[in-house]
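If you want the building blocks of each chain, they are given just below.
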Amino acid sequence: MAPDRTRAHVYVSGRVQGVFFRATTRDRAREVGADGWVRNLADGRVEAVFEGSPEQVEAMVDFCHEGSPAASVSDVEVEEEPSEGLEGFEIRR
């Protein structure tokens, strides 16, 4: 695992379910080369983990403030964590 890999654990609030947020997040992560996963939570938020270079992770956190075109993001909580060496990006159920 590269020493410059970083990880962000993100919780996104607002109108973020049923608006293609997860699929758009996956597509953007693949575009920027970030690894991780995204899923809906029972409380209406979306939870995501992004791993990669600091630039890749920052790009994904920035994306979460906008979300998919139909989303309306009201809050983004970000927790930095040690990288776990995830590979690829998936939508979790």
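Residues numbered from 1 in each chain as written. Predicted model: local features only at pLDDT ≥ 70, side-chain atom pairs only at ≥ 80, totals over all residues. Heavy atoms only, no water.

**Student:** Which parts of the structure should I look at to understand the sheet that holds strand β5 (residues 89-91)?
**Tutor:** One key point about sheets: their strands pair by backbone hydrogen bonds, in either a parallel or an antiparallel sense. Ordered in space as β4-β1-β3-β2-β5, the 5 strands form an open sheet in which the pairing is mixed. If you trace the sheet from one side to the other, it starts and ends with β4 (72-81) and β5, each paired once. Direction aside, neighbouring strands of the sheet carry axes that sit 15° apart on average. Against the sheet, helix α1 (residues 21-32) contacts β1 (6-15), β2 (35-40), β3 (46-52), β4 and β5, and its axis sits at roughly 175° relative to β5. (Pairing = 2+ DSSP bridges. Helix = DSSP H or I, 4+ residues; strand = E, 2+ residues; numbered from the N terminus. Axes fitted to C-alpha atoms, helices over the stretch in contact; angles between N-to-C directions. Contact = heavy atoms within 4.5 Å.)

**Student:** Looking at this structure, how should I read the pairing of β2?
**Tutor:** Both faces of the sheet carry side chains from a regular strand, because those side chains alternate between them. Note: β2 against β3, 6 bridges, orientation antiparallel. For Arg39, the partnering residue across the bridge sits in β3 and is Glu47. Two elements, β2 and β5, share 3 bridges in a ladder whose sense is parallel. Within β5, the position partnered with Gly36 by the bridge is Phe89.

**Student:** Explanation requested: the pattern of salt bridges in the structure shown.
**Tutor:** Where charged atoms of side chains with opposite charge meet at close range, the side chains can pair. Taken as a whole and assessed by the stated rule, the structure comprises 11 salt bridges. Ionic pairing is found between Glu84 and Arg7, a salt bridge with its closest N-O pair at 3.5 Å. Of the two residues, Glu84 sits in the loop between β4 and β5 while Arg7 sits in strand β1, which places them 77 residues apart along the sequence. What makes Arg7 buried here is its relative accessible area of 5%. (Salt bridge = Lys/Arg side-chain N within 4 Å of Asp/Glu carboxyl O. Buried < 20%, exposed > 50% of the residue type's maximum accessible area, 1.4 Å probe, protein only.)

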